[in-house]
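# Structure assessment
Chain by chain, the residues run as shown.
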Amino acid sequence: MSKNSIDTKVIIVGAGPAGAGISFFLTNYEIPHIVIDKNTFPRDKVCGDACSGKTALVIKRANPDWLAEILEHSEEFLPSWGITFVAPNGKALDIPFSPNRTEETKAPGFTLPRLDFDDFLFRKMASPYCTIYEGATIGNIIHEGNKVSVNMTHDATEYEISAPIIIGADGDKSIVRKQFLSGSTVPKTYAVGLRAYYEGITGMHRENFIELHFLPEMLPGYLWIFPLPGGKANVGVGILSEVIRDKKINLREQMLAAIKNNPQIAPRFANARLTDKIQGWGLPLAMERQPISGNNFMLCGDAASLVDPFSGEGIGNALYSGMLAAMAIKEALPANDFSATFLKKAYDDVLYKRLGDELKISATLQRLCKYPWLFNFVVNKAYKSPSLRNTISCMFTDMDLREQLSKPSFYLKILFNR
Ligand SMILES: Cc1cc2nc3c(=O)[nH]c(=O)nc-3n(C[C@H](O)[C@H](O)[C@H](O)COP(=O)(O)OP(=O)(O)OC[C@H]3O[C@@H](n4cnc5c(N)ncnc54)[C@H](O)[C@@H]3O)c2cc1C
């Protein structure tokens, strides 16, 4: 059977948030591209389903009308106004995302099942510059000279798609990463997460605060309860893989035991019902800088290990890295330069300049979470001090303030009430 040969400017493997992010901006720059996904949308993705301000920011930059659409449909995109931290000693601390909010302030975050959110993004990719193949199977990827060719089967037809650049936006088990970056010596840090959908949980915050429960047995991981539209909730746990291995933890048993026995959590689940099977997936954490591009390729989102090591958020960074990758392509095309040197400067350096500090602080905070006493101490103090609560609130938007959290002087100041 003869193959259909197609030449394009950019091949994107994966149509999740990272793939959608790059596609939106390539369309804005009028750059033709092809997106290939092995699944057919709408498709599920194991996740906590919480979208942060960074997600909203990229969507707004791609097209302000799309963010307006999200904000207008609060029954679908449940607005979230803050976080409840529950310390290992059981004390809960409510931290609003927007401490100085006015009537006009919009909720910075929102939650909705990834089945629906990724489908929303997927549908927004449609444009004269974007050709999408969903439900496609990629055979081999050939890198010769300055060209990458992907052999793909779609609807029983074989294609050979060629471009000067390929983007790996194909998630945690990226085949593009495997082919192009298998020689990387930077060690990968993983967390493993479980997700369960429930309905009928009581005691949810009236402004849909997402809840992180730092249970002593799960540190430096946590159990989360995130409210979803329609009175449902996403409940899950995430723990570092090395901790699971070292302590021989059965994550599923541990999560169900907390739901059944924890004195604060169990009563809220008394009449709750599990509505779907419990599923697990990996979170590739951004613990340290690593190469995310090379000759004729770039990696975005989970394929580039960009999950925030403290919060476990990866949707915002996937979209954001997609946006930066599109900007790099816009620079590379007129120069026809897709070399490792060019892409490192136009993509890796820009991404780490913008996100590097935030990721470093989160990596430090994640390490600090190993110490339950430190957590208890901060929460106990913040419980009594409105100004400390306000400072912690501001840390969600102010990176300089968040950096304070990772310094010993912050804890000394609290100790001495300064
Ligand atoms: C348990 C858990 C909870 C989480 N909770 C949150 C949260 O609450 N908030 C948050 O921001 N982040 C959370 N994350 C992280 C978040 O899910 C990821 O960071 C995010 O999905 C990354 O987006 P992506 O586009 O890079 O990859 P994905 O969303 O994984 O998308 C990859 C796409 O590539 C496609 N693909 C894969 N392989 C191939 C192939 N061989 N050929 C063609 N297509 C392919 C897939 O079908 C998929 O559509 C969580 C993760 C886990 C595991």
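Presented here is an overview of the structure given in this document.

Calculation notes
- Residues numbered from 1 in each chain as written.
- Predicted model: local features only at pLDDT ≥ 70, side-chain atom pairs only at ≥ 80, totals over all residues.
- Heavy atoms only, no water.
- 1 Å grid on protein atoms, 1.4 Å probe; cavity = no way out; pocket = protein on both sides within 12 Å on 5 of 7 lines; lining within 4 Å.
- Points joined across faces, edges and corners; volume = space filled by probe spheres on them.
- Nonpolar A, V, L, I, M, F, W, Y, C, P; charged D, E, K, R; others polar.
- Axes fitted to C-alpha atoms, helices over the stretch in contact; angles between N-to-C directions.
- Helix = DSSP H or I, 4+ residues; strand = E, 2+ residues; numbered from the N terminus.
- Left-handed = near helix turned anticlockwise from the far one by under 90°.
- Contact = heavy atoms within 4.5 Å.
- Near = heavy atom within 4 Å.
- Polar contact = N/O pair within 3.5 Å; in protein donor to acceptor, adjacent residues only side chain to side chain.
- Areas by Shrake-Rupley, 256 points an atom, 1.4 Å probe, with all protein chains shown as cover.
- Buried < 20%, exposed > 50% of the residue type's maximum accessible area, 1.4 Å probe, protein only.
- Core = buried A, V, L, I, M, F, W, Y, C linked by side-chain atoms within 4.5 Å.

A separate point is empty space enclosed by the protein. Tallied over the full model, the rule gives one cavity of 30 Å³ or more. In this structure, the largest cavity is lined by P187, K188, T189, L285, M287, E288 and Q290. A per-class count over the lining of the largest cavity returns three nonpolar, two polar and two charged.

Contact pair helix α2 (residues 53–62) / helix α8 (residues 315–335): the axes reach a minimum separation of 8 Å and the direction vectors enclose 30 degrees. Considering how the two elements wind past one another, α2 and α8 form a crossing that is left-handed. Across the interface between the two elements, K54, T55, L57, V58 and R61 from α2 touch I315, G316, N317, L319, Y320 and M323 from α8.

Our next topic: the site of the ligand. Neighbouring residues of the ligand: 38 residues in total, closest D37, N39, G48, A50 and D302. Between G312 and the ligand, the recorded distance is 3.5 Å, taken from a backbone N or O atom to a nitrogen atom. Contact distances for the ligand include 2.9 Å between a nitrogen atom and a backbone N or O atom of G314. Burial of the ligand by the protein chains amounts to 93% of its free accessible area of 990 Å². It is strand β19 (residues 279–285) that contributes the most residues to the shell around the ligand, three residues altogether. When the residues that make up the shell around the ligand are grouped by side-chain class, the tally is 19 nonpolar, ten polar and nine charged.

A word on unusual backbone geometry. Most peptide bonds adopt trans geometry, and most residues besides glycine take a negative phi value. For the bond running from F41 to P42, omega is 0 degrees, close enough to zero to count as cis. Tracing the chain through its elements places P42 in the loop between β3 (33–36) and β4 (50–51). Phi is positive for K248, which is not a glycine, with a value near 50 degrees. Looking at the element boundaries, K248 is found in the loop between α6 (241–247) and α7 (251–261). One non-glycine residue, S305, lies in the positive phi region at around 55 degrees. For S305, the location among the structural elements is in the loop between β21 (297–299) and α8. Residue S305 is classed as buried on the basis of its relative accessible area, which comes to 1%.

Right, let's talk about the nonpolar core for a bit. Within the largest apolar cluster, 80 residues are counted, with the highest numbers of intra-cluster contacts made by F117 and I166. Broken down by element, this core gets its largest block of residues, eleven residues, from α8. Those residues in contact with F117, other than ones at most four positions away along the chain, are C51, T55, I59, F77, F110, L112 and I315.

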